[in-house]
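Overview (structure and organization)
The chain contents come next:
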Amino acid sequence: MSTFALDNPVWNRLRDPRTAGIAGIVLGVVACFVALPPITARSPLYPVLVGIAAAILGLSAALRGLRRLGWGAFAAGLIGIVLGVLATRSSEGNLSIVFTASLIASMFVFSTPLVFGSMAGIFSERSGVVNIGLEGMMLMGAFWGVYGADKGKSWAVGILVAMLAGGLLALVHAYFAIHLRADQIVGGTAVNFLALGITGYFFFQLYNGQDIPIGVSTIPDVHLPYIRHWKYIGPAIGSLNLLVWVSFALVIVTWFVLFKTPIGLRIRACGEHPRAADTVGINVYAIRYGCVVLSGMLAALGGAYLSIGFGGGAYTDNMTAGRGFIALAAMIFGNWRPFGAFGAALLFGFSTALAYRLPAYSGSAATLFQALPYVLTLIAVAGVVGRTVPPAADGKPYKKQ
Amino acid sequence: MRRGGKDGVSDRPDPDAVPETPEEASATGTLAARFALRQRSGGLIVPVLTALVAFLLGGLIVLATGHNPLLAYRDIFNGAGLNWIFHPTTSMVSTASYNLSQTLLQTTTLILTGLAVAFAFRCGMFNIGGQGQYFVGLYVANWVGVSLPHLATFPHIVLGIGAAILAGAVWAGIAGSLKAYVGAHEVITTIMLNWIAIWIGTYFFGDGGPLQNSQNATVPISNDVAASAKLPVFWGIQALQGLDVGFFIALAALVVFWALLNRTTLGYEVRAVGFNPEAAAYGGISVKKNLIRAMAISGAFAGLAGGLDMLGYLYHFATSDIPVSNIGFLGIAVALLGRNTAVGTGIAALLFGALLFGTTHGLSSNVIQPELAGNLTYMIQGLVVLFVGADVLILYVWNTRRRLRVRGVTA
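Rules used throughout
- Residues numbered from 1 in each chain as written.
- Chains lettered and ligands numbered in written order.
- Predicted model: local features only at pLDDT ≥ 70, side-chain atom pairs only at ≥ 80, totals over all residues.
- Heavy atoms only, no water.
- Helix = DSSP H or I, 4+ residues; strand = E, 2+ residues; numbered from the N terminus.
- Areas by Shrake-Rupley, 256 points an atom, 1.4 Å probe, with all protein chains shown as cover.
- Contact = heavy atoms within 4.5 Å.
- Buried area = accessible area lost by both parts, 1.4 Å probe.
- Salt bridge = Lys/Arg side-chain N within 4 Å of Asp/Glu carboxyl O.
- Polar contact = N/O pair within 3.5 Å; in protein donor to acceptor, adjacent residues only side chain to side chain.
- Expected span 1.5 Å × (residues − 1).
- Buried < 20%, exposed > 50% of the residue type's maximum accessible area, 1.4 Å probe, protein only.
- pLDDT = per-residue confidence, 0-100.
- Domains from an automatic or database assignment.
- Phe/Tyr/Trp six-rings, centres within 6.5 Å; stacked < 30°, edge-to-face > 60°.
- Lys NZ or Arg CZ within 6 Å of the ring centre and 35° of its normal.

Considering the overall build of chain A
When its secondary structure is counted, chain A shows 18 helices and 2 strands. In the structure as shown, chain A presents an accessible area of about 16,900 Å², 70% of it carried by carbon and sulfur atoms.

Take a look at the structure:
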């Protein structure tokens, strides 16, 4: 319909509604960020202009059929304008307190347990076992990790003990889900209660509920030579915890294993159509057991990060405080895909990191920011922006014939 | 013994006719159908056995950590005030009397959060969001209780409780609508709604929040509800957290639950959708409408629990109370152990209410500290839920019973 009958590839791409929609979303984010350090535009004109551009792109995509993406970009533009204008109104001092390179570092800090948890969830659910028990497995890792590090005098022992504890709890879940064909959601809920009881009981029995000795061996930080002195990048990634880097690697490994290896194909087959998998000689039970136990070990690793990683060797009752559920949300938000879940975990980690800094402006806004991951996930499962599709046989017990 | 006998127009298949292949039913059946199978399969045996095994395993952990489990359970029994039956009195001088009143206070809440889970189960849904629905009921009751100080007592209470019920129903209704219209799994949506409710509460009662107290802006706690909104106390003293009439409302809710499910068209439709949505739709029942309706009613029970707690004995709420509360989650164990029936839920609520109070505030013991015993409650709760959900264990009991029955007939 356009009168520009130019036949050049860039323009063709721009006319594609999909590109327009995505560009709109990106511009919406930019609209908010031009007002923040390091750019810090002080005039409300810039975010408004960029935001309007985003909204127009979104609108054009929406009118050409891509309704979800288009309206998403439209909304991103409007939100970008509001946030951007708000940012230009606030003092430059406050802005530089909140938006520093260390915000990126704390984003990684908060997202790491979520990354471990969501990868754990992906393995379990891709094999067809719903794992609501992530929270409990994480909690087991947090407590037994600190116990192992204390008694074994080494964080490595702590990690091993944590993974063992998480794996054992996962084994209980697996046995009930696979062999006893219990409802997996009921079983997962039970596992969460069990973990809460076990960790609480032994925390009091072994440490009197508070006295974890100071100076427990903790997982070291990785100080990157040279890079840590770079501007912006240095404070952001220069000295992250070892487990943060492990979590990055885990995402790639998870993706590779699930989508590029025969074993991954088998895992996904068990999650999509166990009967067919069984017919071609795949041992569905063995795959599911393996995946659920692995899931427990990975979740426990995320828990251990909380206590002997960035927690510095401290433990408190119910330390995970719902992070297992955010990890679950990240997995769903990421559509049961490793990179999607990683992106969601980063987003949720970022919102938490931001929430910890926002009290510079307003305490209540910071609190509401904490709810953001849950609201976003609710919107995602509602299918407003794209649709989440779990593995076909997720949560269905399988009985061999 | 036919459990279905009192059901009047029973839409359940005849107990002996269908599950000749219970394995198939358990592998393919809907949630409600599977639970119905469980209900028929073991009589009272399964829940009693489940509870016994859970207590036994909990006792083993107590034993392994160097405490005497029998003495520990005795002290928990006394801590819950259950020894009151040996020398009943309403005098609050008696510790047993006081403890029992507190146990019943917990039972009140547990009955309702249990019913919330049970009602959704009967429609084939797992409402894991009782905690969030309980919270919104509690917030709204606090708001109504605090903000209308000039109202007369009766309308104030009715308004507060009504608002709490409505809030819970709306909160759960969101999950129900999402399930009905876009097929979003209710477990995921209710978990998310739980956490949203938690953070909303932290905002409401936190510094600068709309429900924070008017005296001291540094303390994140709400105002007390007005005297006109407080429920009358009939056992004990109001200032000492006596037992309020909410207990009778909860008992009435049990009757309402039973009547609603078994004596109304609504209940019939809800159960039909629970057993088999396709068949229900074929029979002219709107599946969407019933999913939303069942979820809203389920949330109404949990919202009522929050309202009764606020107007009955809490009166105010602090942000620090939010992460500690998990009475909504306990409702899951109550409903599952009570097998989603009114009577069962009532009994299970008493059991868990006794455990809850008897292992924490009521416990005075030199055998086991309240900190340990309180966590023992979580373990027992977890084990109960774990065992109650296991089809194969249930089928084992079912088959054993059948075999025994057949042998009894031929002998």
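Description of the interface of chain A and chain B
Many authors give the size of an interface as the accessible area that is lost as the parts come together. Opposite the 43 residues of chain A that make contact, chain B presents 51 residues. Carbon and sulfur atoms make up 79% of the area that chain A and chain B hide from each other, which totals about 4,300 Å². Put simply, chain A and chain B have 0 salt bridges between them. Where chain A touches chain B, the interface holds 4 residue pairs in polar contact (both at pLDDT 80 or more).

A short note on helix 14 (residues 342–358) of chain B
For an α-helix, 3.6 residues make a turn, and residues three or four places apart therefore share a direction. Residues and elements named next belong to chain B. Its 17 residues give helix 14 an end-to-end C-alpha distance of 24 Å, which sits within 8% of 24 Å, the value for a rise of 1.5 Å per residue. The buried fraction of helix 14 is high, at 13 of 17 residues. Where helix 14 begins, the side chain of Thr341 points an oxygen toward the backbone nitrogen of Gly344, at a separation of 3.1 Å.

Overview of helix 3 (residues 45–64) of chain B
Here helix 3 of chain B spans 28 Å end to end across 20 residues, near enough to the 28 Å set by a 1.5 Å rise per residue. Note on helix 3 of chain B: the residue one or two positions beyond its end, Gly66 of chain B, has a positive phi of about 85°.

Some details on unusual backbone geometry
Residues and elements named next belong to chain A. The residue Arg181 is not glycine, and still its phi comes out positive at about 50°. When you line up the elements, Arg181 lands in the loop between helix 8 (155–179) and helix 9 (184–207). If you check the backbone angles, Asn335 has positive phi at about 60° while not being a glycine. Tracing the backbone through its elements, the reader meets Asn335 in the loop between helix 15 (323–333) and helix 16 (338–357). Note on Asn335: relative accessible area 24%, which makes it partly exposed.

Side note on the confidence of the model for chain B
Residue and element names in this part refer to chain B. Looking at chain B, pLDDT values average 83 and 86% of them are 70 or higher. Segment residues 1–24 is flagged for pLDDT under 50; beyond a separation of four residues in sequence, or across chains, it makes 40 contacts in the model. Overall fold confidence (pTM) sits at 0.83, and the ipTM for the predicted complex is 0.82.

Some remarks on the domain arrangement of chain A
We note that the domain assignment places domain 1 (9–98) and domain 2 (101–381) within chain A. For domain 1 of chain A and domain 2 of chain A, the distance between their C-alpha centroids amounts to 33 Å.

Topic: the side chain of Thr107 of chain B
Secondary-structure assignment places Thr107 of chain B in helix 5 (residues 95–122). Exposure remark for Thr107 of chain B: the relative accessible area of 2% places this residue in the buried category.

What about the packing of aromatic side chains?
With the rule as written, the count across this model stands at 36 aromatic pairs over all chains. With 6.0 Å between their ring centres and 50° between their planes, Tyr134 of chain B and Phe135 of chain B make a pair best called tilted. We classify Tyr134 of chain B as buried; its relative accessible area is 4%. Site record: aromatic cluster; members linked through ring pairs are Phe143, Trp144, Tyr147, Tyr201, Phe202, Phe203, Tyr207 and Tyr315 of chain A. Positioned above the aromatic ring of Tyr315 of chain B, the side-chain terminus of Lys230 of chain B is 4.4 Å from the ring centre.

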